[in-house]
Amino acid sequence: MTQEFILETRGLTKEFRGFTAVDDVNLRVREGHIHALIGPNGAGKTTVFNLLTKFLPPTRGEILYRGKPITNMRANEIARLGLVRSFQISAVFAHMTAMENVRVALQRRLGTSFHFWKSEKSLEHLNERAIALLDEVGLKEYADVLTVEMPYGRKRALEVATTLALDPTVMLLDEPTQGMGAEDVDRIVELIRRVSAGRTVLMVEHNLSVVSRLCDRITVLARGSVLAEGDYEAVSRDPQVREAYMGSDAAAEEEASA
C-alpha cells in the first residue's frame, strides 16, 4: 500500500520584484516521516517554510494537505488543521514559568484567548496537561522556573512543548538545533525522534549530522529549486549536492581522492 503524502506543493513559486526566491518547487512529504529541507544559504528554505505556514502568499503554485488545497487558507486555519510551525508561536514569554508558557499554548488550542487577567486558580484545570507536556520534552523539573533563567537548549525544548500543546499532525521545525553546542544538539535530536512518534515532521536544518541521524527523506534546494531528493546516503553522494555545499573545486578534489 502506498503511503499517503500528507503535505504537498505543486509548482510552488515566490517572486520578489523580479527575483525568484522559490522556483517551481514540488515537495511531497509522506505521513509519519521526518523530512528535511536542506541547502546552502540563500537556497530558499525559509521562504518555502513561510509559504507553507502562510507568512507569505505564493506567486504561483498550490499547497495541499491530505490531498486538499490549502493555498488560500490563513495561518490560523492551517494551524487548526494540525500544521504547526514550531518557534512561530514560541515567542516563549521570558518572565513566565515553563508551565505558564505551556498553559498559554493550551488556551489557544481550546479556542480561548490568552487569559492573562484570569486568576491562577481558574487555570488549574490545564496544569495536569501542561506538566505532562513538559515531562514529554524532559522539562518537568523546570515547570516553575522562569523561562529567562533556563539554558538555551532547554528554551528550545520548551518551544517544542508549546507546539505540542496545539496537538499538531505535522510539525514544521525551523532550524531546531541552531546555535546549540553538541550536548544540546544530541538532546534535541532525541527529543525530535521521541515526539515524532505518530506525527509527521518537516524540518529546515543546516546540521547535516542531525539530518543523517533523524530523517527518512531529504529535499535539497539550491537557488530556489529542488536540486536532489532521496535518503541521506543518496543525497550525500550526489555530485551536484556536494558542489552546492562545497563549491566545484572542493567537490572535484573529494571525488578524485575517493
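Attention in this report is confined to the structure presented alongside it. (Residues numbered from 1 in each chain as written. Predicted model: local features only at pLDDT ≥ 70, side-chain atom pairs only at ≥ 80, totals over all residues. Heavy atoms only, no water.)

**What about the overall build of the protein chain?**
Check the secondary structure of the protein chain and you find 10 helices and 10 strands. Counting only residues that meet the buried cut, the protein chain has 49% of its 258 residues in that class. Summarising the internal contacts of the protein chain: among those between residues at least 6 apart in sequence, 64% fall at separations of at least 24. (Helix = DSSP H or I, 4+ residues; strand = E, 2+ residues; numbered from the N terminus. Buried < 20%, exposed > 50% of the residue type's maximum accessible area, 1.4 Å probe, protein only. Contact = heavy atoms within 4.5 Å.)

**A closer look at the sheet that holds strand β2 (residues 19-30)**
On the basis of which strands lie adjacent, the open sheet formed by four strands has the order β2-β1-β4-β5 and antiparallel pairing. Strand pairing shows two members of the sheet lacking a second neighbour, β2 and β5 (68-69), which therefore form its edges. The pairing of strand β4 (residues 60-65) with β5 spans two bridges and is classified as antiparallel. Its bridge partner being in β5, L64 is matched across the sheet by P69. Contacts between helix α1 (residues 45-52) and the sheet are confined to β1 (5-16), β2 and β4, with β1 contributing the most and set at about 115° to the helix. (Pairing = 2+ DSSP bridges. Axes fitted to C-alpha atoms, helices over the stretch in contact; angles between N-to-C directions.)

**As for the pattern of salt bridges**
Scanning the entire structure with this criterion turns up 13 salt bridges. The salt bridge involving D174 is made with R85; its shortest N-O contact spans 2.6 Å. Separated by 89 residues along the polypeptide, D174 in strand β7 (residues 170-174) and R85 in strand β6 (residues 83-86) bring together distant segments of the chain. In this pair, the class of D174 matches that of R85, namely buried. (Salt bridge = Lys/Arg side-chain N within 4 Å of Asp/Glu carboxyl O.)

**Considering the side chain of T71**
Tracing the sequence through the fold places T71 in the loop between β5 and α2 (75-81). For T71, the side chain forms a polar contact with the main-chain nitrogen of I63, separated by 2.9 Å. Ignoring any residue separated from it by four or fewer positions in sequence, one finds T71 in contact with K54, P58, G61, E62 and I63. (Polar contact = N/O pair within 3.5 Å; in protein donor to acceptor, adjacent residues only side chain to side chain.)

**Some words on unusual backbone geometry**
We note that K54 has phi near 70°; this positive angle belongs to a residue other than glycine. Mapped onto the elements, K54 comes out in the loop between α1 and β4. Using a relative accessible area of 16% as the deciding quantity, one classes K54 as buried. Positive phi outside glycine occurs at R66, with the angle close to 50°.

**Side note on the sheet that holds strand β8 (residues 200-204)**
Within a sheet, neighbouring strands are paired by backbone hydrogen bonds and run either parallel or antiparallel to one another. Spatial strand order, β6-β7-β8-β3-β9-β10: six strands in an open sheet with mixed pairing. Each edge of the open sheet carries a strand with a single partner, namely β6 and β10 (225-230). Direction aside, the axes of adjacent strands within the sheet are offset by 20° on average.

**A word on helix α5 (residues 152-164)**
The end-to-end C-alpha distance of α5 is 19 Å, a good match for the 18 Å that 13 residues give at a rise of 1.5 Å each. Burial of α5 is extensive: 11 of the 13 residues sit out of reach of the surface. Among the residues of α5, those classed as buried are G153, R154, R156, A157, L158, E159, V160, A161, T162, T163 and L164. (Expected span 1.5 Å × (residues − 1).)

**Some thoughts on helix α6 (residues 182-195)**
Counting along an α-helix, one turn takes 3.6 residues, and residues three or four places apart therefore face a common direction. Taking 1.5 Å per residue as the helical rise, α6 with its 14 residues ought to reach 20 Å, and the 20 Å between its terminal C-alpha atoms agrees with that figure. For α6, the elements touching its buried residues are α4 (127-136), α5, β7, β8 and α7 (208-214).

**Remarks on the pairing of β1**
Burial of β1 is extensive: nine of the 12 residues sit out of reach of the surface. Hairpin connection from β1 to β2: two residues lie between these consecutive antiparallel strands, with R17 at a positive phi of about 45°. Pairing analysis gives five bridges linking β1 to β4, with the strands arranged antiparallel. Paired with E8 across the strands is L64, a residue of β4.

Spatial relationships are all this shows, so hold off on functional conclusions.
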